[in-house]
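Remarks on the overall topology
Residue strings, one per chain:
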Amino acid sequence: MPTLVNYSGDDEIYSGGSFYTNPSDLGRLYSTVSHVDVYSPACKRARISAPFLFEPSGFEQNKRPSIEVLPDECLFEIFKRVPEGKERSSCARVSKKWLMLLSSIRRSEFCNSNTVAEEKKETAAPVCNDVEMVSCEDSGEVESDGYLTRSLEGKKATDLRLAAIAVGTSSRGGLGKLLIRGSNSVRGVTNIGLSAIARGCPSLRALSLWNVPFVGDEGLFEIAKECHLLEKLDLSNCPSISNKGLIAIAGNCPNLSSLNIESCSKIGNEGLQAIGKLCPKLHSISIKDCPLIGDHGISSLVSSASSLLTRVKLQALNITDFSLAVIGHYGKAVTNLSLSVLQHVSEKGFWVMGNAQGLQKLMSLTITSCRGITDVSLEAIAKGSLNLKQMCLRKCCFVSDNGLVAFTKAAGSLESLQLEECNRITQSGIVGALSNCGTKLKALSLVKCMGIKDMALGMAVPSPCSYLRYLSIKNCPGFGSASLAVVGKLCPQLQHVDLSGLCGITDSGILPLLESCEAGLVKVNLNGCMSLTDEVVSALARLHGRTLELLNLDGCRKITDASLVAIAENCLFLSDLDLSKCAVTDSGIAVMSSSEHLNLQVLSLSGCSEVSNKSLPCLKKMGRTLVGLNLQNCSSISSSTVELLVESLWRCDILS
């Protein structure tokens, strides 16, 4: 019979003390328990604090009762009956083993999961003793589209964190959106972590996996098996995921509406074919740099999902003219189309796409680095897309003035035109395009078009483009004062002007544009226009001071305090002013601070070496409305002055 020895005297604790004289008896005790705490009063015999069994060969201590000795199957059954909320989270904190066991239980397998009180919903996410804390802030918790969202990036992306998220969010309705960006180099995300999410979060609607090389088809199998509400799937640089995983998603997630695949080397035509046939709600696809995807996959997907597919983006794929012909014929619902770096598509492919007359609902078209875009194919696209409103051409080296003019003439609904690195476009093509789009075009953007040369127009100025509100001409070195004067006469209703990087324009070129703008300029960006003087700023403030809200003069080295005087006197609604690297001084800052109606919110004085510590009182006064102040590279302003400003302007974000 077990006998409990009680002692009520003054005890001292001796850890691991021995009271056996026979070494063999001592070995028998240690075989039962690895560590025994022994109580021993001074000058008295030692005693132990646990019951002993007396046997013929001696006595030994009973094993200490512990739930850890139970097999995983028993723990599984116990955990199934733990109420969700605080109790379940507390269990998950005990150890990695318990956390992973809890995360392996499907939400539907928990007993009485629908009868738990709602007051337990505020429980925190679970942790375990040897895992870093997982909190809402750490894992990027936000509310998006009405459901819970978590985001893990870099070293925080581990299986343990995913398991903790799966258990912790179960009492809050489950996870709705999960984004994983990168993976821990030592303990990265694997199929185990993704499986935990699948079992614990059947309500998952959006899954995004970027650069997770250890997640393969098994993880997607679990997602497909449990998360039937999945609507958005984003796979980028996932080399272990193949057609099998994508086919599983297609067969079990009928609500899938958006699919993005990028740099997934094992995904090919079979996966896309399954998506097209089994996902009737698909309306958006984006596929980039997948070498196994070709004409068969794209054509099957587009033709199968033709009734609802509205957004298509294809980039760096091994497709030919056949795929574009299918898009032109079956893309009856497509409104947004983006085609980039399609090296095997010729002029014929784009021509057939336009003449197929299937893109009647197309409203936005972006074409980048496609050699098949020529004057002929561009005109065919315009004739086959009568509702086209936005057109963007990037690095299309075979499009010339003739093609641009023909395109704008046929595209009667065009509202926005962007040309980037189209080097065969000249001033004549731009003027012709503006003339053709006089009644519709609202925005024109030219970026790095090296073919534009500054020259006076040799013909009569055509009818003005009265609807153009936004004009952006960036880094076109040949675009000078003569070209700008012509554009100014053609566009009398401009409100937003961006002339960044046009170092060749002078006052004589921009003044006609300022004088011809009848509607009143709202935003003006003259960044890098080094030849402009105070005369331009004075005219701008005088003519458009009642509407101007943003003015960027970064790098305009000829701008002095005279411009600041004009701004202070005339600009009533100016909120954002950039004077970086301008020749302004303390006197100009004082003039602006004394203005009664100037209420700047953002002011940049970066690189203004003539602004010194003397401007401290003026900057403090202006700080009543400032929320952003840039004092970087201001060599005459000391660090102590910046510290005083930081103390005074507590609501202003100061860069120094």
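The name given to the chain in an unreviewed UniProt entry is F-box domain-containing protein, with Salix viminalis as the source organism.

Per the secondary structure count, the chain includes 22 helices and 26 strands. Looking at the chain as a whole, 52% of its 656 residues are labelled buried. Across the chain, contacts joining residues at least 24 apart in sequence account for 80% of those joining residues at least 6 apart. Total accessible area computed for the chain in this model is approximately 29,100 Å², and 52% of it derives from carbon and sulfur atoms.

Turning our attention to the packing of helix 8 (residues 243–252) against helix 9 (residues 269–278). Between helix 8 and helix 9, the shortest axis-to-axis distance is 8 Å and the interhelical angle comes to 5°. The angle between helix 8 and helix 9 places the two elements in the roughly parallel class. Together, N243, L246, I247, A250 and G251 of helix 8 and N269, E270, G271, L272, A274, I275 and L278 of helix 9 make up the contact between the two elements. When the residues that make up the contact of helix 8 with helix 9 are grouped by side-chain class, the tally is seven nonpolar, four polar and one charged.

All right, on to the packing of aromatic side chains then. Inspection of every chain in the model, using the stated rule, returns zero aromatic pairs. The positively charged end of R181 is found above the aromatic ring belonging to W210, 3.8 Å away from the centroid.

Burial analysis of strand 12 (residues 284–288) places four of its five residues in the buried class, the great majority of the element. Across five bridges, the pairing between strand 11 (residues 258–262) and strand 12 is parallel. Note that in strand 12 the partner of L259 across the bridge is I285. Handedness of the strand 11-helix 9-strand 12 crossover: right-handed. Two strands pair when backbone bridges link them, and strand 12 and strand 13 (residues 311–315) are joined in this way by five bridges, in the parallel orientation. Along strand 13, the bridge assignment pairs S284 with R311. Handedness of the crossover is the feature at issue here: the chain leaves strand 12, passes through helix 10 (residues 295–304), returns alongside strand 13, and the resulting connection is right-handed.

In this section: the pairing of strand 17 (residues 416–420). Judged from the five bridges that link them, strand 16 (residues 390–394) and strand 17 form a sheet pairing that is parallel. The residue bridging Q390 from the neighbouring strand is S416, located in strand 17. For the handedness criterion, the β-α-β arrangement of strand 16, helix 14 (residues 401–410) and strand 17 is classed as right-handed. Of the strand pairs in this sheet, strand 17 and strand 18 (residues 443–447) are connected by five bridges, and their pairing is parallel. Of the residues in strand 18, the one forming a bridge with S416 is A443.

What counts, and at which threshold
- Residues numbered from 1 in each chain as written.
- Predicted model: local features only at pLDDT ≥ 70, side-chain atom pairs only at ≥ 80, totals over all residues.
- Heavy atoms only, no water.
- Helix = DSSP H or I, 4+ residues; strand = E, 2+ residues; numbered from the N terminus.
- Buried < 20%, exposed > 50% of the residue type's maximum accessible area, 1.4 Å probe, protein only.
- Contact = heavy atoms within 4.5 Å.
- Areas by Shrake-Rupley, 256 points an atom, 1.4 Å probe, with all protein chains shown as cover.
- Axes fitted to C-alpha atoms, helices over the stretch in contact; angles between N-to-C directions.
- Parallel < 35°, antiparallel > 145°, perpendicular 65-115°, else oblique.
- Nonpolar A, V, L, I, M, F, W, Y, C, P; charged D, E, K, R; others polar.
- Phe/Tyr/Trp six-rings, centres within 6.5 Å; stacked < 30°, edge-to-face > 60°.
- Lys NZ or Arg CZ within 6 Å of the ring centre and 35° of its normal.
- Pairing = 2+ DSSP bridges.
- Right-handed = clockwise from strand over helix to strand, strands pointing away.

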